[in-house]
Amino acid sequence: MNPHQPEPFIITIFGASGDLSARKLLPALLYLEHDRLLPHTYCILGVGRTSFSDQQFREKAGNALKEHAATVNATVRKKFLKRLHYHVMNTSDSNDYIGLKQKLTELDISIGSSRNFLYYLATPPVLYQTIIGYLSTQGLNREEKQGWKRVIIEKPFGYDLKTARQLNKEILKSFKENQIYRIDHYLGKETVQNILVTRFANSIFEPVWNRHYIERIEITSAESIGVENRGGYYDKAGAVRDMIQNHLLQILGMIALEPPVNAEADSIRNETLKVFQSLRPISIKDMADQVIRGQYLASTIQGKKVAAYRQEKGVAPDSQTETFVAMKLFVDNPRWKDVPFFIRYGKRMPVRVTEVVVRFKPVAYTIFEQGPTSAQNNTLIIRIQPDEGILLTFGLKTPGTGFEVSEKSLDFHYSSLEQTRLSEAYERLLLDCVKGDQTLYLRGDAVEATWKFIDPVLQAWQHHSIKLYGYPAGTWGPKEADKLIGKGATWRYPCKNLTSDTGFCQL
Ligand code: BG6
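Being a predicted model, the structure only gives us computed values, none of them experimental. (Residues numbered from 1 in each chain as written. Predicted model: local features only at pLDDT ≥ 70, side-chain atom pairs only at ≥ 80, totals over all residues. Heavy atoms only, no water.)

Notes on a nonpolar patch on the surface
At step 1: Residues Tyr365, Ile367, Phe368 and Phe403 make up a contiguous nonpolar surface patch of about 530 Å² in total accessible area.
At step 2: What makes phenylalanine 368 partly exposed here is its relative accessible area of 38%. (Patch = residues over 30% accessible without salt bridge, like charges linked within 9 Å, V, L, I, M, F, W, Y side chains within 5 Å. Areas by Shrake-Rupley, 256 points an atom, 1.4 Å probe, with all protein chains shown as cover. Salt bridge = Lys/Arg side-chain N within 4 Å of Asp/Glu carboxyl O. Buried < 20%, exposed > 50% of the residue type's maximum accessible area, 1.4 Å probe, protein only.)

Right, dumping it as structure tokens:
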């Protein structure tokens, strides 16, 4: 056996007939199997209320895999499907966990999984505490001599600070922190992990990665889609809970953290926690200058009519839920004092793009003539998705007489690597979990720290009449968001085609 392969295991997926399982979890496991990263001995147990036989579940999964893991060949897929089993149960009924325990024991005996059990909660969050509590009633949380027990919990982890604390407290009654894997799929993205490598494996960046050289940092995450068929969920959550409290603050954590003592889970997680604890609280009087919220309005995009958010299914016709947020944040520590971090996120934006722009300060004094395309700031753009890569802009002497400076760029695209496919976030995260590596999972204290920062913003919206701006679908959000960034400056507006010379474009 390959010594780097994980031990045998059984993964139980709660909510196995749902979307997440079909679109993300099963495809991720299939790709891991295809890449031979999983042990020979493992199996997948889908559980849920919907009644399926093993065969029916395999057929359903097979169809999803043809669509969502299309590049894996049929032989590997068929072999993989044989590893799938299904168990019908009502996850809210404590008695049904007796049957689950029996099923797991049978599977363990038949495949020899050494009682290493992983539970994946791909269910609505209201079920988290129930499932965890009943697993523990049956002793399915107890780690025996040979058998680890781990639980992966999907976001949202809590609805606010209070509920996140409660949830942590409840889960910790049944599972220890080292058994709990709180997932944030952004940490599974290759390009997010690469932020650490960019910073700490290159001597050219870390010495200038601080307030003395960096003017500001922009984190943009734009989605061209609307809320699709998730209006019911989204209307209660909103953009801050859905994207900022978790994914985008995690990116900020990677950008801002101090050098960890090593690359181990707790070293990295200790440093990101400190970033979240250093976020300057946003008080009610700062809201107008630091937070802008918006909601998309009906519009026509490329000749196609697009509904307003309030017309989406499951959304209240007078909804005050934000689908766009722009925020100005400060990390109060010696490295970042007074450097503004901007976060901009929205649904129904002109393009789908997530990126981090690190804008360096201009040279203190320039002796050169500035050309029409010159920019005085060097800029490092970390493209998280979809055109994954890194772009660095610099001033170049315009060839010819004189010393005119024009802006050029060094541009790296992951697509140019020989190693072809960038693995999906869930592949890396599932593999790490079965190996027992928590580095890319959230620790309870960090989740609470992000909520502690976010809570006052949500409270302010709830209790004060703070304006919710409309923006036509297909635009970059309310123009008030542009004012956040300051006089004379603009956000970077990424083009659809980011391969242009500088990577910049103004709409
Ligand atoms: C999810 C949010 O966590 O992340 C969605 O609930 C959002 O609303 C999605 O669309 C974005 O993820 P990605 O990987 O497509 O950027």
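Description of the confidence of the model for the protein chain
At step 1: When pLDDT is averaged along the protein chain, the result is 93; 96% of the residues meet or exceed 70.
At step 2: Here residues 497-507 scores under 50 on pLDDT; set against residues more than four positions off or in separate chains, the count is 32 contacts. (pLDDT = per-residue confidence, 0-100. Contact = heavy atoms within 4.5 Å.)

Let's talk about the pattern of salt bridges
At step 1: According to the stated counting rule, one finds 29 salt bridges in the structure shown.
At step 2: Between aspartate 432 and arginine 428 there is a salt bridge, with the nearest N and O atoms lying 3.0 Å from each other. Of the two residues, aspartate 432 and arginine 428 both sit in helix H11 (residues 425-435), four residues apart, roughly one turn of that helix.
At step 3: Take aspartate 432: its relative accessible area is 6%, and that puts it in the buried class.
At step 4: Here the salt bridges share partners, and the residues they tie into one network are Arg199, Glu206, Glu258 and Arg335. (Helix = DSSP H or I, 4+ residues; strand = E, 2+ residues; numbered from the N terminus.)

Quick word on the sheet that holds strand S11 (residues 324-329)
At step 1: Across the sheet, which stays open at both edges, the 10 strands sit in the order S14-S17-S16-S15-S13-S7-S12-S11-S8-S18 with mixed pairing between neighbours. The sheet terminates laterally at strand S14 (369-370) and strand S18 (468-472), the two strands that pair on one side only.
At step 2: Where S14 lies against strand S17 (residues 404-413), two bridges are found, and the strand directions are parallel. Directly across from glutamate 369, in S17, lies its bridge partner glutamate 404. (Pairing = 2+ DSSP bridges.)

Remarks on the site of the ligand
At step 1: Surveying the vicinity of the ligand reveals the residues Lys155, His185, Tyr186, Lys189, Glu223, Arg230, Asp242, Met243, His247, Lys347, Arg352 and Gln385.
At step 2: The side chain of aspartate 242 places a nitrogen or oxygen atom 2.5 Å from an oxygen atom of the ligand.
At step 3: Among the elements that make up the shell around the ligand, the one with the highest residue count is helix H8 (residues 231-256) (three residues).
At step 4: In terms of residue class, the shell around the ligand is built from two nonpolar, three polar and seven charged. (Near = heavy atom within 4 Å. Polar contact = N/O pair within 3.5 Å; in protein donor to acceptor, adjacent residues only side chain to side chain. Nonpolar A, V, L, I, M, F, W, Y, C, P; charged D, E, K, R; others polar.)

Considering the packing of helix H6 (residues 161-174) against helix H12 (residues 444-463)
At step 1: At a minimum axis separation of 9 Å, H6 and H12 run at an interaxial angle of 165 degrees. Considering their axes alone, H6 and H12 lie roughly antiparallel with respect to each other. When the axes of H6 and H12 are compared, the crossing they make is left-handed. Contacts between H6 and H12 involve Leu161, Ala164, Arg165 and Asn168 from the former and Gly444, Glu448, Trp451, Lys452 and Asp455 from the latter. (Axes fitted to C-alpha atoms, helices over the stretch in contact; angles between N-to-C directions. Parallel < 35°, antiparallel > 145°, perpendicular 65-115°, else oblique. Left-handed = near helix turned anticlockwise from the far one by under 90°.)

Notes on unusual backbone geometry
At step 1: In this structure, proline 156 follows lysine 155 across a cis peptide bond, with omega equal to 5 degrees.
At step 2: Between glutamine 385 and proline 386 the backbone carries a cis peptide bond, its omega angle lying at 0 degrees.
At step 3: Mapped onto the secondary structure, proline 386 falls in the loop between strand S15 (379-385) and strand S16 (389-397).
At step 4: Within the chain, serine 114 stands out as a residue other than glycine whose phi angle is a positive 55 degrees.
At step 5: In this fold, serine 114 is placed in the loop between helix H4 (96-111) and strand S4 (117-121).
At step 6: On the accessibility criterion, serine 114 (28% relative accessible area) is partly exposed.
At step 7: Of note, the phi angle at aspartate 338 is positive, near 70 degrees, even though the residue is not glycine.
At step 8: Topologically, aspartate 338 is positioned in the loop between S11 and strand S12 (341-346).

What to know about the packing of aromatic side chains
At step 1: Counted under the stated rule, the structure contains 18 aromatic pairs.
At step 2: Between phenylalanine 52 and tyrosine 86, the aromatic rings sit 5.1 Å apart at their centres with planes inclined by 85 degrees, giving edge-to-face as the arrangement. Residue phenylalanine 52 is found in the loop between strand S2 (42-48) and helix H2 (54-68), and its partner tyrosine 86 is found in strand S3 (residues 84-88); the two are separated by 34 residues along the sequence.
At step 3: A residue is classified by how much of its surface remains accessible, and phenylalanine 52, at 19% relative accessible area, is buried.
At step 4: Aromatic side chains tryptophan 336 and phenylalanine 341 sit 5.2 Å apart centroid to centroid with 80 degrees between the ring planes, which places their arrangement in the edge-to-face category. You'll find tryptophan 336 and phenylalanine 341 in the same group, each marked buried.
At step 5: An aromatic cluster is built from Tyr233, Tyr234, Tyr296, Tyr309, Phe324 and Tyr471, whose rings are joined through pairwise contacts.
At step 6: When the ring centre of tyrosine 296 is taken as reference, the NZ or CZ atom of arginine 348 above it lies at 5.9 Å. (Phe/Tyr/Trp six-rings, centres within 6.5 Å; stacked < 30°, edge-to-face > 60°. Lys NZ or Arg CZ within 6 Å of the ring centre and 35° of its normal.)

Let's talk about the nonpolar core
At step 1: If you look at the biggest cluster of nonpolar residues, it comprises 147 residues, and the most contacted ones within it are Leu100, Tyr120, Leu252 and Met327.
At step 2: Among the elements that take part in this core, H8 stands out by supplying 12 residues, more than any other.
At step 3: With near-sequence residues (within four places) excluded, leucine 252 lies in contact with Ile219, Val275, Leu279, Leu329, Val331, Phe341 and Ile343. (Core = buried A, V, L, I, M, F, W, Y, C linked by side-chain atoms within 4.5 Å.)

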